[in-house]
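The residues making up each chain are set out below.
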Amino acid sequence: MALRMWASSTANALKLSTSVSKSHLSPAFSISRCFSTVLEGLKYANSHEWVKHEGSVATIGITAHAQDHLGEVVFVELPEENSTVSKEKSFGAVESVKATSEILSPISGEVIEVNKNLTGSPGLINTSPYEDGWMIKVKPSSPAELESLMGAKEYTKFCEDEDAAH
């Protein structure tokens, strides 16, 4: 813990950021002041969910920042396939050793796939929030809703401001 606090304060002082490529997600990412990964090419909600929109499918999960604040995830509740989700409404919950948090949908649409791997391995949200820890895939009913979400730079600043306020 002391090492992490030292590393965090050092990164703050240096305003550390880096550009590296992730496997199949491939956009560059930056390291924010709290060492949470924020990927370019994704959209972010102020409730800390991310969306990757490809063609007619939007993949949704919680951000590295969110999982970092939650701690070790021990249980995930997700909706059924073929159900609908609505923007800014709860579609499930994440239970960690610290708390239980609702997951809000950043967009509206029909759930076409649920990450069944999270049932037996909810910790994938901690170890791989943007890849193996995705939660649902949605067919957006209103793709224009994506425009109201933040990009990577906006989300990084949002997290920094939010953390500074706490």
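Whatever comes next refers back to the structure up there.
The paragraphs below set out a description of the structure included in this document. Nothing here was measured: the structure is a model prediction, and the numbers come from that model. (Residues numbered from 1 in each chain as written. Predicted model: local features only at pLDDT ≥ 70, side-chain atom pairs only at ≥ 80, totals over all residues. Heavy atoms only, no water.)

Some words on the nonpolar core
Okay, step 1: Ranked by internal contacts, the top residues of the largest apolar core, which has 23 residues, are Met135 and Ile136.
Okay, step 2: Counting residues per element, the ones that place at least two in this core are strand 5 (57-62), helix 2 (64-70), strand 6 (73-77), strand 8 (90-96), strand 10 (109-114) and strand 11 (136-140).
Okay, step 3: In terms of residue count, strand 5 provides more of this core than any other element does, three residues in total.
Okay, step 4: When residues no more than four places from it in sequence are discounted, the contact partners of Met135 are Ile60, Gly61, Ile62, Leu78, Phe91, Val94, Ile103, Glu113, Val114, Asn115, Leu118 and Ile125.
Okay, step 5: Among the nonpolar cores identified, the runner-up in size contains twelve residues, and Trp50, Ala64, Tyr155 and Cys159 belong to it. (Core = buried A, V, L, I, M, F, W, Y, C linked by side-chain atoms within 4.5 Å. Buried < 20%, exposed > 50% of the residue type's maximum accessible area, 1.4 Å probe, protein only. Helix = DSSP H or I, 4+ residues; strand = E, 2+ residues; numbered from the N terminus. Contact = heavy atoms within 4.5 Å.)

Considerations on the sheet that holds strand 9 (residues 100-104)
Okay, step 1: A sheet is described by the order of its strands in space; here three strands give the open sequence 6-8-9, paired in antiparallel fashion. Because the sheet does not close on itself, it has two edges, and the strands there are strand 6 and strand 9. Sheet twist, expressed as the average angle between the axes of neighbouring strands with direction ignored, equals 25°.
Okay, step 2: Relative to strand 8, strand 6 runs antiparallel, the two sharing four bridges. Note that in strand 8 the partner of Glu77 across the bridge is Ala93. (Pairing = 2+ DSSP bridges. Axes fitted to C-alpha atoms, helices over the stretch in contact; angles between N-to-C directions.)

Quick word on the packing of aromatic side chains
What characterises a pair of aromatic rings is the spacing of the ring centres plus the angle enclosed by the ring planes.
Okay, step 1: Per the stated rule, a full pass over the model turns up three aromatic pairs.
Okay, step 2: An angle of 10° between the planes, with centres 4.6 Å apart, marks the rings of Tyr44 and Tyr155 as stacked. Here the residue Tyr44 occupies a position in strand 3 (residues 43-44), and Tyr155 occupies one in helix 5 (residues 152-165), the gap between them amounting to 111 residues.
Okay, step 3: Residue Tyr44 is classed as buried on the basis of its relative accessible area of 0%.
Okay, step 4: A relative accessible area of 0% means that Tyr155 is categorised as buried.
Okay, step 5: Here the aromatic rings of Tyr155 and Phe158 are separated by 6.3 Å at their centres, their planes lie at 25°, and the arrangement is stacked. (Phe/Tyr/Trp six-rings, centres within 6.5 Å; stacked < 30°, edge-to-face > 60°.)

Side note on a nonpolar patch on the surface
Okay, step 1: Taken together, the side chains of Val74, Phe75 and Val97 define a hydrophobic patch exposed on the protein surface, amounting to about 270 Å² of accessible area.
Okay, step 2: With respect to the secondary-structure elements, Val74 resides in strand 6. (Patch = residues over 30% accessible without salt bridge, like charges linked within 9 Å, V, L, I, M, F, W, Y side chains within 5 Å. Areas by Shrake-Rupley, 256 points an atom, 1.4 Å probe, with all protein chains shown as cover. Salt bridge = Lys/Arg side-chain N within 4 Å of Asp/Glu carboxyl O.)

What to know about helix 5
Every α-helix carries 3.6 residues per turn, so stepping three or four residues along brings you back to the same face.
Okay, step 1: For helix 5, which comprises 14 residues, the first-to-last C-alpha distance of 20 Å matches the rise-based estimate of 20 Å (1.5 Å per residue) to within 8%.
Okay, step 2: All of the buried residues along helix 5 are Ala152, Tyr155, Thr156 and Cys159. Each buried residue of helix 5 sits inside an arc of 100° when the element is viewed along its axis, so together they form one side. Opposite the buried face of helix 5, at more than 90 degrees from it, the exposed residues are Lys153, Ala164 and Ala165. (Expected span 1.5 Å × (residues − 1). Arc of directions from axis to C-beta.)

A look at unusual backbone geometry
Okay, step 1: In this model, His48 sits at a positive phi of 75°, which is unusual for a non-glycine residue.
Okay, step 2: Relative to the elements of secondary structure, His48 occurs in the loop between strand 3 and strand 4 (49-54).
Okay, step 3: Notably, Asn82 is not glycine yet its phi reads approximately 70°, a positive angle.
Okay, step 4: Assignment of secondary structure puts Asn82 in the loop between strand 6 and strand 7 (84-85).

Description of the sheet that holds strand 7
Okay, step 1: Across the sheet, which stays open at both edges, the six strands sit in the order 3-4-5-11-10-7 with antiparallel pairing between neighbours. Looking at strand neighbours, the two that pair on one side only are strand 3 and strand 7, the edges of this open sheet.
Okay, step 2: Here two bridges tie strand 3 to strand 4, and the two strands are oriented antiparallel to one another. Counted as the bridge partner of Tyr44 is Trp50 from strand 4.

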